Amino acid sequence: MQVIFLWKTFFVIIIFHNVNRSIFLFKMTKSEFKDCWETVLAELTDKLGPLKVNTYIRPLIPYKLSDKEDKAILLLPKGGTMLLSMSKKYTADMEEALFKVLEKRYSVELTENTPRETEEPASPYTDDLNLDPRYTFENFVAGANNRLALAASLAVADGYSKHYNPLFIYAGSGLGKTHLMHAIGHYVIQNRPKKKVLYVSAETFINELILSIQSKSQQQFRNKYRKVDYLLFDDVQFIAGKKAAEEELFNTFEALHGANKQLVFTSDRPPKELGDFPERLISRFAWGIPVDIQTPDYETRMAILKNKTELEGYKVENHDNYVAVLDIIAQNIQSNIRELESALTRIVGQSSLTGEPITPALARKVLTDVFGTRKNELTPAFIKKKVASYYGLKTSDLESSKRSRNIAYPRQIAIYLIRELCPNYSLPKIGTFFGGRDHTTVLHSYEKIKSDLKENEDLKNQIDNLKAILDV
Ligand code: ADP
Ligand code: MG
């Protein structure tokens, strides 16, 4: 199998090194290296298991195999600096797997910047399409907010639905429009390789059009956009009012749609609110069923943060603290996933910079500028809920009569915090939040924690974390 694979995909140049000895020099194009890298990944998965490979190795982009220097160059994905130190640990494994697959030793080099092309001319490989390798369907977290947009995108990528032509996705900033659009691109390239995909942002479209007018190469420009099976057009709202671009887009639309080719648009608003556009374009945008992405709910926000943690390979030292940090972020940043993710990046970045562990207190410190000041008054119910979730319990456990220490102690902590933080609640009143406990029990709980705090460092930490979670 492997021999056939090598034979079929490698462009082999034989170089006679000297009279006695000849060596084979394989020159592999970018896409061939990509194919071969899949085999390497399979090898690595056998050895290291899927979790490590998917987290630390798969996000790397196979860039070039240099035979001159015996190097395999892999690029870090955009924003993947954090990945570097983790991925580096596996370079020996990667080298070994490469050797198994290619029977030649290469040293693996991880690099952040695109190294300068010296050997290969630019070719139209997928990564020249400007698709972010992280923006795939696999990395897109499904939630109630994006279900329809996701389903429509998958249908369009698979080519089995004609209801969505064009597919028009609209949503506010940072909600995943570009991600979904790139995912369609990746999917088509991988699963339907004969289809030609073109991704373009409105801005690039406008710039290219201007250039083509200046250099009198408009025909070339038109050909480029009209000879594709999928046109992915990002942020279409930006061309509003730019007459030449509107005209060109209209004609492109007509040509592609007439030939049954798929068009996908994203926009920050629905077609009918694109007031500055010519009516004929607006009505065409609405030919398919426009789909929107809403802001994500709490569960989806948490899932996105967890997904990001895995993807970036963040090291989680203390699981409880880490979940508490994610909770703080998800509670406070609700309407923009880009900001949600960048909050996490900042906290992790700060921690790796200073060596401080990732705790709710650190999260608060790093993010005060994002969160601003507290809007809501603290209530006993809210504190109870936070304490319960911090200790992995249900609120009803704290209200119950259960006396086991893993429940009774958090209950006392909740009582302590309420007494400290909600001065308007009397002892008997606090008792009513805990299954009607009487005021002496409440007072005892409070005093117990207060005195434990004097000598128990660990407890002090927990209370500090909880206070940070409660934003006090
Ligand atoms: P938009 O184009 O709508 O402004 P993007 O597609 O650029 O937003 O998304 C912003 C960031 O949020 C990206 O890093 C993207 O990967 C991430 N993101 C958005 N939605 C999701 C989702 N459902 N699952 C995972 N990541 C998401
Ligand atoms: Mg976008």
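Let me sum up the structure you'll find in this document. What you see is a predicted model; the values in this text were computed from it and never measured.

Each value, and the rule that gives it
Residues numbered from 1 in each chain as written. Chains lettered and ligands numbered in written order. Predicted model: local features only at pLDDT ≥ 70, side-chain atom pairs only at ≥ 80, totals over all residues. Heavy atoms only, no water. Near = heavy atom within 4 Å. Polar contact = N/O pair within 3.5 Å; in protein donor to acceptor, adjacent residues only side chain to side chain. Areas by Shrake-Rupley, 256 points an atom, 1.4 Å probe, with all protein chains shown as cover. Helix = DSSP H or I, 4+ residues; strand = E, 2+ residues; numbered from the N terminus. Nonpolar A, V, L, I, M, F, W, Y, C, P; charged D, E, K, R; others polar. Core = buried A, V, L, I, M, F, W, Y, C linked by side-chain atoms within 4.5 Å. Buried < 20%, exposed > 50% of the residue type's maximum accessible area, 1.4 Å probe, protein only. Pairing = 2+ DSSP bridges. Axes fitted to C-alpha atoms, helices over the stretch in contact; angles between N-to-C directions. Contact = heavy atoms within 4.5 Å. Salt bridge = Lys/Arg side-chain N within 4 Å of Asp/Glu carboxyl O.

Points about the site of ligand 1
Stage number 1. Not every one of the 17 residues close to ligand 1 is listed here, only the nearest: V141, G174, T178, H179 and R338.
Stage number 2. Interatomic distance of 2.8 Å between a side-chain N/O atom of R338 and an oxygen atom of ligand 1.
Stage number 3. In isolation ligand 1 has 560 Å² of accessible area, and contact with the protein removes 93% of it.
Stage number 4. For the shell around ligand 1, the secondary-structure elements that each account for two or more residues are α7 (177–191) and α14 (337–354).
Stage number 5. For the shell around ligand 1, the class distribution of residues is six nonpolar, eight polar and three charged.

So, the nonpolar core
Stage number 1. Grouped together as the largest cluster of nonpolar side chains are 106 residues, with contacts concentrated most on I184, F233 and I329.
Stage number 2. Sorting elements by how many residues they give to this core places helix α18 (residues 405–421) first, with eight residues.
Stage number 3. L44, I57, L65 and L98 belong to the second-largest nonpolar core, a separate cluster that totals 27 residues.

Details of the pairing of strand β6 (residues 167–170)
Stage number 1. As judged from the four bridges shared by β6 and strand β9 (residues 262–267), these two strands associate in the parallel manner. Residue pairing for β9: I169 is matched across the bridge by T266.

Points about the sheet that holds strand β5 (residues 107–111)
Stage number 1. Strand order in the open sheet formed by three strands is β3-β4-β5, with mixed pairing between adjacent strands. Each edge of the open sheet is held by one strand with a lone partner, namely β3 (61–66) and β5. Neighbour to neighbour, the strand axes of the sheet diverge by 25° on average, direction disregarded.
Stage number 2. Relative to strand β4 (residues 71–75), β3 runs antiparallel, the two being bridged by five bridges. Among the inter-strand pairings, P62 is bridged to a residue of β4, identified as L74.
Stage number 3. Together, β3, β4 and β5 form the strand contacts of helix α5 (residues 91–102), whose direction differs from that of β5 by roughly 125°.

A closer look at the sheet that holds strand β10 (residues 291–292)
Stage number 1. Overall, parallel pairing links the five strands, which are arranged β7-β8-β9-β6-β10 in an open sheet. Of all the strands in the sheet, the pair left with one neighbour each is β7 (197–201) and β10.
Stage number 2. The pairing of β6 with β10 spans two bridges and is classified as parallel. Each residue of the ladder has a partner; that of Y170, found in β10, is D292.
Stage number 3. Its contacts with the sheet put helix α6 (residues 147–158) on β6, β8 (230–234), β9 and β10, and the angle it makes with β6 is roughly 150°.
Stage number 4. Where helix α8 (residues 202–214) meets the sheet, its contacts fall on β7 and β8, and the angle it forms with β7 comes to roughly 90°.

Concerning the pattern of salt bridges
Stage number 1. Counting across every chain of the model gives 25 salt bridges.
Stage number 2. Linking E43 and K100 is a salt bridge whose minimum nitrogen-to-oxygen distance equals 3.6 Å. Taken together, the residues span a long stretch of sequence, with E43 in helix α2 (residues 30–48) and K100 in helix α5 at a distance of 57 residues.
Stage number 3. Look at E43 and you get partly exposed, because its relative accessible area is 26%.
Stage number 4. Classification of K100 as exposed rests on a relative accessible area of 53%.
Stage number 5. Taken together, the shared-partner salt bridges connect D132, R134, K308 and E312 into one network.

Purely geometric stuff here, so don't read any function into it on its own.
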